[in-house]
Each structure stands twice: as structure tokens, then as C-alpha cells.
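Chains, contacts and geometry: an overview
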Amino acid sequence: MAAAGKRSLAELSLDEFLAAGSESEPDDGWEEEEEAARPAKGAAGQRRESGKARQPLQAPPAARKKGKASEHKDQLSRLKDKDPEFYKFLEENDRTLLNFDASDSSDEEEEGLHIPPDTLEEASDEDEEEEEHETVKQKRVCFIPVSLKMVEEWKKAAERGLTPKLFHEITQAFKASVATTKGDNGGTDPSKFQVTDAAVFNALVSFCVRDLFRCLQKLLLPKTPKNKLKLVLPSTSPLWSKLRLDVKVYLSCTIQLLSCLTEASVGAAVLQHVSSIVPYYLSFPKQCRALLKQAINLWSTGEETVRVLAFLVLNKICRYKKEVYLSPLLKQMYIAFVKNSRFTSPNVLPMINFMQRTLTEMYALDTHTSYQHAFIYIRQLAIHLRSAMTIKKKENFQSVYNWQYIHCLYFWCRVLSTIYPSEVMEPLIYPLTQVIIGCIKLVPTARFYPLRMHCIRALTLLSENTRTFIPVLPFILEVFQQVDFNKKPGRMSAKPINFAVILKLSNANLQEKAFRDGLIEQLYDLMLEYLHCQAYSIGFPELVLPTVIQLKSFLKECKIANYCKPIRQLLEKLQENSAYIASRRQKATFGVASRESVEQWEKQVKEEGTPLTKYYTQWKKLREKEIQLEISGKERLEDLNFPEIKRKKQDERKEEDKKEFKDLFELDSDSEEESVGFPIKGKAKAKQASDDSSEASSEDYGEDDDEEEGKYEVEEDEEELEDDSDSDEEGKEPARVSQGSQKQRSCARGMSRSDLEQLAQGEEDIVEDLAFSDDD
């Protein structure tokens, strides 16, 4: 049956076998038979090893079509004639395959359709961890530890002559040392070196910061440029292509090192190094942007020296690449300034002033770019003010009356003052002035006098440097009309009020003597600062006329000598300067319409000096010394613990008196007036002053009378202290209230009512002595 060259049944594949077993074309829906025939194939092949042959099977496999279950059953029935041995094997081993129902199989099944199992096997995490551990272990094995000897060898080799290969090794070692600061292995591309010793880290970083780029500069640009001011980029060197990638890695690692350093001295050294290699950063835009971001962070939050060096780096980059980096840099620096000026204290105020001055220098680099930023941000301030004026809610007021808003107003005044004269920025003077005046008028109460002072100083700065007349004096003179300086203070205070670091006062501060003392000092300073910059103006006599009238009125009404003295001194200087200007302008030969002649005259008077400007110069020196003394003595004052007298309210005192003199009050409970037979004049006056102050405070500030009682009753405090004295004071002058109270205490139980009345009346000489207690 078998012929030469023909394959046996065991050598046929399953598809060839099924294709040859039917005269009709087979279909692809035989997946069930394939699964059943796979074990049968091996068994049938073993039985046919005896040498039996079979007829050749031929069927064109390319002509297959999709069959049906019924055709499949016919094919199996014909298999009995074609291959009786195989059919007999199926009957013995898999009877269900021959007796299947046509409905068990779908009529049509797509070829090549994969049916996934119900449950899928997942790779175990342990295997993956083992694989990762093995790879990491392999990488760690190849790390080369850096030693001090290697660093010294690199340093000597670099001094002899730096090569690209040597620079690559040093850069990789520097990368490994920087990677230790964050505890990583250098990211996706770790270095082949490993730094584990702190001494090696310090030596390597010190070498790179001090000497490496000096040697690299000799390698890239051996010839010194003729014009030292002109920037020569290292990318122009023919060796740049060989060193470019290593330089890029080094610059990135330096930025990472800056972000990790906490010691100010080390950060300052690295920033000095960064400032010297700015041309290299300019060759890589991505690294340059990362450096700017980190430098802005250090400029706004770092230590004083670090702030200065960070600003120098920012300024240097923007000077060379102004068109690329200036605009986004100004935006980020302004946002950082606003974010870090939220709170103000004596310690933070110098840093805020530093940020204002340095950021002003950045805006002065390009006026056209600065105008776009200034217009947007001043408009934003105006929108906040408009919302507060129209809506009039607490949150809208707070959006204006806060430190960030005030510092921004002062900052833009400084910018316009510094850039002046500039035709580009000059149109912003008027809207900024209107915003500041609107801020003053928003809540014009005594509680916000410190905020008013800050706004007045901003207007004075703007008016002085831009030579623009701004009506500042009315906002100063208004305070003299609103505050009653003759009014007796409701309470005493241990420390003076620092108007430089507050925006508003509490109701308790308004009752203090320190409030009026500080207010007079502030008004004196503000008027002198504003008028000295107008002292050489040809219209000075007319400008100060309302001020002179207001100050004379104040001196006439004020009865406090400490307040009248500085105001009288200022008034004399104003009148002296006014007379000087009037006498000088009488000699002028030009008319009022000649503007150029007026400006020339004012310039000449300014150069010669006026009485007010000379006085201001002397006052400024003394004032600066006073401020320095205050700053130096601030820590000493804070360490002192001032004693506080705990005063009790009158109601509490009455209850204690009733308990202490219980028998006395029981004897005479009809009226309290009879128990006290004589008035104490000093006490009565003190009580009257206290009542007046409490009534005024309740009207002005909305406080209850109970809160004001017992705040400024010095005579009653003395009486309290004297009540606790011993009996040895009985022999002293009988006019003291404590003596009478002690006599009442000793004789309360043994005296009759008539004796008590006689004791209360006292002798005539006692009344005469009490008449002199007004001076106490």
C-alpha cells in the first residue's frame, strides 16, 4: 500500500492528515478534533512501526473552505473505509468524538480566532525583584570608589594640561558626588564612580569649583580675547564638540548641588563659581532656565550673602541674553517678591527692601519690557481697589489693606522713580498716584494711620524723583484735625509703637500715650521729608501757606509741651525757608511764563542750598543714628521683663471691701454716702478723667464701659497698696487714706454709730491737707 518516497502516517502533520482523509475540502472548525487527535497521533504512529504502509494522501491545502458540523460527521464516517485501524482506535479510546451531535459545534467559526482562558498566569513579583536586584548588584560591582589620592592626581593632571578624557572622568566623579546629596545613583544614567567619604566629597567639589573650569577655559580658548567686556561663548571653540556632553552634565549637577546646600558659606562659594561660568550656561538653554529658576528661589528666600550672589547671576544672564530671558524672568521675580512680602517684621523688612531695590535694577534693563509688566500689575492693583470701593465687604478691604498690596505700591513707585526720565514709563505715574490716593481714602480712620504713613512715603518718593507735584500735605494735615492730642491717655504702655512694621492699630493702642507720641514723630518726619524736596521750588511760600496756618492752629490748641516743641521747630524752619525763597525770587528778572528760566533758577537755588535743606541734612544724620541705636538696643529691650500691675475692676473691689468690712456695712446699710464722710479730691479727679476717657472711647471705637474701667487709676492703685501696710504707719500724717481705713478696721466692732460719724468727719486740719493733693 505504501510506495517509495511516500511518508508514513506517523510522519504526517495533523493538518495534512485531516486534509487527506476527505474527498471534500476540509474546514477550519475542527479545533475539537485536533485536540482529540493529538494524543491519538502518537498512539497510531507507534502501531504503524511494524512496517505497514498506507496510500499516498493528496489534497490541495490552499483550496480549504469553512465547513459545517454535518460535513465533519460525514468525513468521520468515511474514515472507517479509508483507515480502519485509526477508526478502530478512536472507537476504543474516544467514543464521544465519533458520536457527537451536530449542534455541539458552531456552524461557522473564524479562522485564527484566539479565545483567552478564564484565568491568566501572572509573573511573580519575587522574580522581578530578584532580576532587579541582580542588575543593581551587577552595576554596583562596577562602581569605582573615589579616593583623595585620585582627586589629587586629577588636580595635578589638570594643572599640567586638561584633556577631554580627563575632563570626562572628573565630570563623572563630580556627578557621583552630587548624587549622594539626594541619595540617588545618578538617575537613569549613573556614574561609574562612587563617593562615600565626606572628605573626598569636599575635596572633589572644592577642586571643581575652584580650579576645573579655569583649566577648561585654557583648553577651549587658549587666547585671551582683546575686548574683555565682550562675551565669548565656549561653543565657538573647535574642541567644543568633544566636551559638550560632559560640560552639560557638569552644569546640571551644579544646579542640583545648589538646590541641596543648606550652609550659606558653601552656597555662596558655589554661586560665585556659577557666576564665573555663566557663558557655559548660555550655551545650553535648558540648563540656563533651570539655573534661573533656582537662582530666583535663592534670591527670594536665601541668606543675605546668598541673595546678593544669586541676584548677580540673574543680572549677568539677562544682560547677555536680554531678549530671551528678561521678560519671563521679571515675571517670576515679581511673583517671588510678592509671595515673600506677606509678613513684615523688623528682621524681614531689610530683605524686602533688598528685593525691591534689586528687582528695580532688573526692570531698568529694558524700559519697553518693563512698561508691559508695570501696566499689567498696576492695573491689577487698581482692580482690587475698585472692587473694595464698590462692594465694601471685609474680604475686599483685606485684599487691599495688607502688606503685599502696600509693598507692591511702594515697589512701583521705586521703579518709576529709578527709571525716570523715561518717555515710555512716564505715563504710568498718574494712574499709580491715583491708586495710592484711593488706598488712603478707602478707610480713613485712626486705626489705619500706619498704612496712611506708608502710602504718604511712597507718594513722597515718587514726587521727589519724578519732579511731579503730588498733593501729599492734605493727607498729613488731616491727622491734626482728627486726633485730640490734649486728651488724657486711657492707659500706659511699656514699649513705643513701631509704625514701620504695622498697618493698623488696635483699639487698645489708640488709648495709649505711645500712640500720640509716635504719631507726632511720624507727622514731623513726613512733613519734613516732603517739604525738603520742595524747598527750592519758586512757589514754596504759597505751597506751605496752608501748612503754616494748620500748624499755628495746632500750637494754639495743644497744651502738651512735648508735642508743641517739634511742631514749633518745624514751623520756624518753614517760615525761614519761605522768607528766603521770597527774597530770592524778588530779584528775578524773568516772568512766570518763562519755564526754562524758572527751572534754571530752581536748579541754582538747589545747588546753593536753602535753610530747610540744610536743616534736613543735619536732621537726617541724627535720625539715622537714632534708628541704629534702636536696632542695636532692640534685643536688650526684648529680653527685659517689665513688671505688670494687675488692676482689678471696681465691682470686684467693692465685693472684697464688703467681705472685709462686713460688720461695718451691716451697721450702716441705708446709704453708702454716709459711710464716707469726706471726698478725696485726687481720687475724684482721677475717676472723672477715667470716666471721660471711657465715654470717649466707647463713642469713637465702640467699646463697652466695662472694658475701660480700671485702666488708668493711679490714685486708686496707691490706695490699694497702702491698704496692705502695717500698723507702724499710724503715727504718720493723718491725711493719708490708709490711716483712716486702718482706724476703721481696728475700731469697727467696738464703736457705736455716733463714734463712727465723728471719726468720718475728722478734724479741720485734715481737710486743709487734702486740698493740696491735686499736685500728686
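Each value, and the rule that gives it
- Residues numbered from 1 in each chain as written.
- Predicted model: local features only at pLDDT ≥ 70, side-chain atom pairs only at ≥ 80, totals over all residues.
- Heavy atoms only, no water.
- Helix = DSSP H or I, 4+ residues; strand = E, 2+ residues; numbered from the N terminus.
- Buried < 20%, exposed > 50% of the residue type's maximum accessible area, 1.4 Å probe, protein only.
- Areas by Shrake-Rupley, 256 points an atom, 1.4 Å probe, with all protein chains shown as cover.
- Patch = residues over 30% accessible without salt bridge, like charges linked within 9 Å, V, L, I, M, F, W, Y side chains within 5 Å.
- Salt bridge = Lys/Arg side-chain N within 4 Å of Asp/Glu carboxyl O.
- Lys, Arg positive; Asp, Glu negative; His and termini not counted.
- Charge placed at Lys NZ, Arg CZ, Asp CG, Glu CD.
- Axes fitted to C-alpha atoms, helices over the stretch in contact; angles between N-to-C directions.
- Left-handed = near helix turned anticlockwise from the far one by under 90°.
- Contact = heavy atoms within 4.5 Å.
- Phe/Tyr/Trp six-rings, centres within 6.5 Å; stacked < 30°, edge-to-face > 60°.
- Expected span 1.5 Å × (residues − 1).
- Core = buried A, V, L, I, M, F, W, Y, C linked by side-chain atoms within 4.5 Å.
- Parallel < 35°, antiparallel > 145°, perpendicular 65-115°, else oblique.
- Nonpolar A, V, L, I, M, F, W, Y, C, P; charged D, E, K, R; others polar.
- Disulfide = S-S within 2.5 Å.
- pLDDT = per-residue confidence, 0-100.

1. Here's the deal with the overall build of the protein chain
Secondary structure assignment for the protein chain yields 37 helices and two strands. Looking at the 776 residues of the protein chain, the share that counts as buried comes to 40%. By element, 50% of the accessible surface of the protein chain is carried by carbon and sulfur atoms, the whole surface being about 46,800 Å².

2. Considering a positive patch on the surface
Where like charges cluster on the molecular surface, the positive patch consists of Arg244, Lys248, Lys286 and Arg289. The set of elements that each furnish at least two residues to the positive patch consists of helix H10 (240-260) and helix H13 (285-301). Looking at where Arg244 falls in the secondary structure, it is placed in helix H10.

3. Topic: the pattern of salt bridges
Tallying each qualifying case throughout the model produces 12 salt bridges. A salt bridge links Glu159 to Arg214, with the shortest nitrogen-to-oxygen separation between them at 3.2 Å. Residue Glu159 is located in helix H7 (residues 148-160), and its partner Arg214 is located in helix H9 (residues 198-220); the two are separated by 55 residues in the primary sequence. Given the relative accessible area of 37%, Arg214 is considered partly exposed. Here the salt bridges share partners, and the residues they tie into one network are Lys155, Glu159, Asp211 and Arg214.

4. Considering the packing of H13 against helix H14 (residues 304-320)
Taken N-terminus to C-terminus, the directions of H13 and H14 make an angle of 145°; their axes are 8 Å apart at the nearest point. The interaxial crossing formed by H13 with H14 has left-handed handedness. The segment H13 lies against H14, with Cys288, Leu291, Leu292, Ala295, Ile296, Leu298, Trp299, Ser300 and Thr301 engaging Val306, Arg307, Ala310, Phe311, Val313, Leu314 and Ile317.

5. Some points on the packing of aromatic side chains
Describing an aromatic ring pair means giving the distance of the ring centres and the angle of the ring planes. The tally for this structure, following the rule as stated, stands at 23 aromatic pairs. Taken together, the aromatic side chains of Tyr334, Phe337, Tyr363, Tyr377, Phe411 and Trp412 make up a single cluster linked through ring pairs.

6. Comments concerning the environment of Lys614
Mapped onto the elements of the fold, Lys614 is located in helix H28 (residues 611-639). Spatially, the C-alpha atoms of Lys614 and His532 are 9.1 Å apart, while their sequence positions differ by 82 residues. The contacts of Lys614, once residues within four sequence positions are left out, are Glu608 and Gly609.

7. Here's the deal with helix H26 (residues 561-586)
If you check H26, its first and last C-alpha atoms are 37 Å apart, about what 26 residues at 1.5 Å a residue would give, namely 38 Å. Turning to H26, its buried residues are Tyr563, Cys564, Pro566, Ile567, Leu570, Leu571, Leu574, Asn577, Ser578, Ile581 and Arg584.

8. A word on the nonpolar core
Looking at soluble globular proteins, one finds that nonpolar side chains tend to be buried together. Membership of the largest hydrophobic core comes to 166 residues, with the highest contact counts inside it found for Trp154, Trp299, Tyr334, Phe337, Trp412, Phe480 and Phe485. Looking at this core, the element that brings in the most residues is H9, giving 12 residues. Within the second largest apolar cluster, five residues are counted, among which are Leu79, Phe86, Tyr87 and Leu90.

9. A few points about the environment of Gln434
Locating Gln434 in the fold gives a position in helix H20 (residues 429-442). Sequence separation between Gln434 and Ala382 is 52 residues; the distance between their C-alpha atoms is 8.8 Å.

10. Re unusual backbone geometry
A negative phi angle characterises most non-glycine residues, just as the trans form characterises most peptide bonds. Each neighbour pair has its own omega, and for Tyr420 with Pro421 the value is 0°, a cis peptide bond. By the secondary structure assignment, Pro421 is in the loop between helix H19 (403-419) and H20. Positive phi, close to 60°, is recorded for Lys392, a residue that is not glycine. Relative accessible area serves as the criterion here: at 61%, Lys392 is assigned to the exposed category. Unlike most non-glycine residues, Arg467 shows phi in positive territory, near 55°. The topology assignment puts Arg467 in the loop between helix H21 (449-466) and helix H22 (473-482). Overall, Arg467 belongs to the exposed group, its relative accessible area being 72%.

11. A word on H20
The terminal C-alpha atoms of H20 lie 20 Å apart, and with 14 residues this matches the ideal 20 Å at 1.5 Å per residue to within 8%. Burial runs high along H20: 10 of the 14 residues are buried. Residues Ile429, Leu432, Thr433, Val435, Ile436, Ile437, Gly438, Cys439, Ile440 and Leu442 constitute the buried set of H20. As for H20, its buried residues are in contact with helix H17 (367-391), helix H18 (394-400), H19, H21 and H22.

12. Notes on the packing of helix H8 (residues 164-182) against H9
It is the contact of H8 with H9, at a shortest axis distance of 10 Å, that shows an interaxial angle of 140°. Looking at the two axes, H8 sits oblique to H9. In this structure, the crossing between H8 and H9 has a hand that is left-handed. Contacts from Phe167, Ile170, Ala173, Phe174, Ser177, Val178, Thr180 and Thr181 of H8 reach H9 at Phe201, Leu204, Val205, Phe207, Cys208, Leu212 and Leu216. The residue makeup of the contact of H8 with H9, split by class, is 12 nonpolar, three polar and no charged.

13. Overview of the side chain of Arg452
Here Arg452 shows up in helix H21. Under the relative-accessibility criterion, Arg452 is labelled buried at 3%. Apart from residues no more than four positions distant in its own chain, Arg452 is found in contact with Ile440, Pro444, Phe475, Glu478 and Val479.

14. Concerning the state of the cysteines
Scanning the entire structure with this criterion turns up zero disulfides. Not part of a disulfide, Cys413 finds its nearest cysteine sulfur in Cys455, a span of 8.9 Å. Sulfur of Cys558: no disulfide; nearest cysteine sulfur belongs to Cys564 and is 3.7 Å away. For Cys558, a relative accessible area of 6% puts it in the buried group.

15. Details of the confidence of the model for the protein chain
Chain-level statistics for the protein chain give a pLDDT mean of 75 and a share of 64% at 70 or above. Ignoring residues within four places in sequence, the model shows residues 664-749, a span with pLDDT below 50, making 93 contacts including any to other chains.

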